[in-house]
Amino acid sequence: MEPLPVGIDVSPLALTRAGTARHIRSLLASLPREEVELRRYGFGGSSRALVPVRDLGWYLAALPVRARLDGMDVLHCPTHRAPVRSPVPLVVTFHDLAVLRHPETFNAWTRNYSRLAVPRVAKAARRLIAVSEFTRRELLELLDVPEEKVRVIPNAVGAPFEPRGEAAGGEYVLAVSTLEPRKNLPRLLEAFRRARLNGLRLLVAGAQGWGGVRVEGDGVRWLGEVGDEELARLYRGARCVAYVSLYEGFGLPVLEAMACGAPVVAGRNDAAEEVAGEAAVLVDPLDPDAIAAGLAEAVDRRDELRARGLERAAAAFSWADAARATVEVYREAAV
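The structure contained in this document is the topic of the report that follows. Please read all numbers here as calculations on a predicted model, not as lab measurements. Residue numbers run consecutively from 1 along every chain, following the written order of its sequence. Local features are withheld for residues below a pLDDT of 70 in this predicted model, meaning they are given only at 70 or higher, and side-chain atom pairs are given and counted only at 80 or more; totals for whole chains, interfaces and linings count all residues. With hydrogens and water set aside, each side-chain value is computed from the structure's full complement of heavy atoms.

1. Some remarks on a nonpolar patch on the surface
For step 1, the next point in the chain: There is a patch of nonpolar side chains on the surface, built from Leu 56, Leu 60 and Trp 109 and spanning about 250 Å² of accessible area.
For step 2, the next point in the chain: A helix here means a DSSP run of H or I that spans at least four residues, while a strand means a run of E at least two residues long, and both kinds are numbered starting from the N terminus. Looking at the secondary structure, you find Trp 109 in helix H4 (residues 108-124). Within the patch definition used here, like charges are joined within 9 Å and nonpolar side chains (Val, Leu, Ile, Met, Phe, Trp, Tyr) within 5 Å, considering only residues with over 30% relative accessible area and no salt bridge. Each accessible area is a Shrake-Rupley estimate made with a 1.4 Å probe; only the visible protein chains count as cover when residues are assessed. Salt bridges are identified by distance alone: a Lys or Arg side-chain nitrogen within 4 Å of an Asp or Glu carboxyl oxygen.

Right under this line is the structure:
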């Protein structure tokens, strides 16, 4: 069987190094070259001032035309930013529908653009990939997508996110989040103060987002963006990892932390329960006292949660499996 010509949009890699970027890089590395002939398409430039140009000029015009001229059999957009019409069969990955479920947690451009574009993207795509069963349900409910169009392919985790390797020194709780309203960092900071974890600092790794979110105070340090190798070191050395986002379609840091052997405290929601199962401490993300109790519990149960997390991450999530399933979606779309 000849390799299937597939164009994939890598534009998000210019704007972020967060979970979406790691998803794209890992998928690109895992797709079998004997089955897929990949061509990467990207809108250059990392300035956020260019976002409207990318959203309107690239996705709505240039990208689908280039894919058609290059003779692609499938065009894959690995985020919901995608064409609303495409002469090439379109596959779109949805990581979540937070922009529709909680539009107030996004900036005005993203909120308004997505309200108009996302339903049309979902309609235009021949197949939709949801990264969790929760996101699949959101697609069906919020966008009235035909169930037969949706395939669930979970995120996975690979190197360097593994238990073997150097661990960062010091005594600390780690949070991995872009600094933006949806990530619920002010409640986490308040919970950390209430938990009174003697001798522990709170380290926050993640890019500055929007909304004026700040992480500062006694015992709190913002690290900014860190590379994957450093992030894996931080996961391995953490007494626990806190991820109490208000809404997630998957929550990749939860899986990464478990794969590195760190105990996890996560905001209780359908996606976190789906990813972590009983391998993490789940708490009410709206209640700082509940988060504080969860932090103390995770530190106390460190050895037990480490073993549970390692077992779950290894057994349930594989990029090789995700890549094989993605190729099947490409072939379905190309028919």
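2. Quick notes on the environment of Val 51
For step 1, the next point in the chain: Take Val 51: it is sitting in helix H2 (residues 51-69).
For step 2, the next point in the chain: For Val 51 and Leu 15, which are 36 residues apart along the polypeptide, the C-alpha to C-alpha distance reads 9.2 Å.
For step 3, the next point in the chain: Any pair of residues with heavy atoms lying within 4.5 Å of one another is described as a contacting pair. Excluding anything up to four places from it in sequence, Val 51 contacts Leu 15, Arg 81 and Trp 109.

3. Quick look at unusual backbone geometry
The bulk of non-glycine residues show a negative phi, and the bulk of peptide bonds are trans.
For step 1, the next point in the chain: Note that the residue after Ala 159, namely Pro 160, is joined by a cis bond; omega there is 5°.
For step 2, the next point in the chain: Relative to the elements of secondary structure, Pro 160 occurs in the loop between strand S6 (150-152) and strand S7 (172-176).
For step 3, the next point in the chain: Its identity as a non-glycine residue notwithstanding, Asn 184 has a phi of 65°, on the positive side.
For step 4, the next point in the chain: At Arg 196, a position not held by glycine, the phi torsion is positive, near 50°.

4. Focus on the pairing of strand S8 (residues 201-205)
When a strand is regular, its side chains alternate between the sheet's two faces.
For step 1, the next point in the chain: To sort residues, take the accessible area from a 1.4 Å probe on protein chains only and compare it with the maximum for the residue type: under 20% means buried, over 50% means exposed, and anything in between is partly exposed. Counting buried positions along S8 gives four out of five residues, so the element sits mostly inside the fold.
For step 2, the next point in the chain: For two strands to be treated as a pair, DSSP must find at least two bridges joining them. Summarising the sheet, S7 and S8 pair through five bridges and their orientation is parallel. By the bridge assignment, Val 176 is partnered in S8 with Ala 205.
For step 3, the next point in the chain: A crossover connection joins S7 to the parallel S8 through helix H6 (residues 185-195); in handedness this β-α-β unit is right-handed.
For step 4, the next point in the chain: Across four bridges, S8 lies against strand S9 (residues 220-224) in parallel orientation. Residue Leu 202 lies in a different strand from S9, and its bridge partner there is Val 220. Orient the strands so they point away from the viewer, and a crossover whose first-strand-to-second-strand path over the helix runs clockwise is right-handed.

5. Some remarks on the nonpolar core
For step 1, the next point in the chain: Remark: nonpolar core denotes a set of buried residues (Ala, Val, Leu, Ile, Met, Phe, Trp, Tyr, Cys) joined through side-chain atoms within 4.5 Å. Counting 56 residues, the largest nonpolar core has Leu 174, Tyr 235, Val 254, Leu 255, Met 258 and Tyr 330 as the members making the most contacts within it.
For step 2, the next point in the chain: No other element matches the seven residues that helix H12 (residues 319-334) contributes to this core.
For step 3, the next point in the chain: In this structure, Met 258 is in contact with Val 264, Val 275, Ala 276, Ala 279, Gly 309, Leu 310 and Ala 313, ignoring residues within four places of it in sequence.
For step 4, the next point in the chain: Core analysis: the next-biggest nonpolar cluster, separate from the first, contains 34 residues, Met 72, Cys 77, Tyr 113 and Tyr 247 among them.

6. Regarding the sheet that holds strand S4 (residues 90-94)
For step 1, the next point in the chain: In spatial order, the strands read S2-S1-S3-S4-S5-S6; together these six strands make up an open sheet with parallel pairing. Either end of the sheet is taken by a strand with one partner, and the two such strands are strand S2 (36-41) and S6. When the angles between neighbouring strand axes are averaged without regard to direction, this sheet yields 25°.
For step 2, the next point in the chain: Where H4 meets the sheet, it contacts S4 and strand S5 (127-130), and its direction lies at approximately 130° from that of S4.
For step 3, the next point in the chain: Of the strands in this sheet, S4, S5 and S6 touch helix H5 (residues 133-143), which is tilted by about 160° from S6. Angular values range over 0 to 180 degrees, each being the angle between N-to-C directions of two axes fitted as lines to C-alpha atoms, with helices fitted over their stretch in contact.

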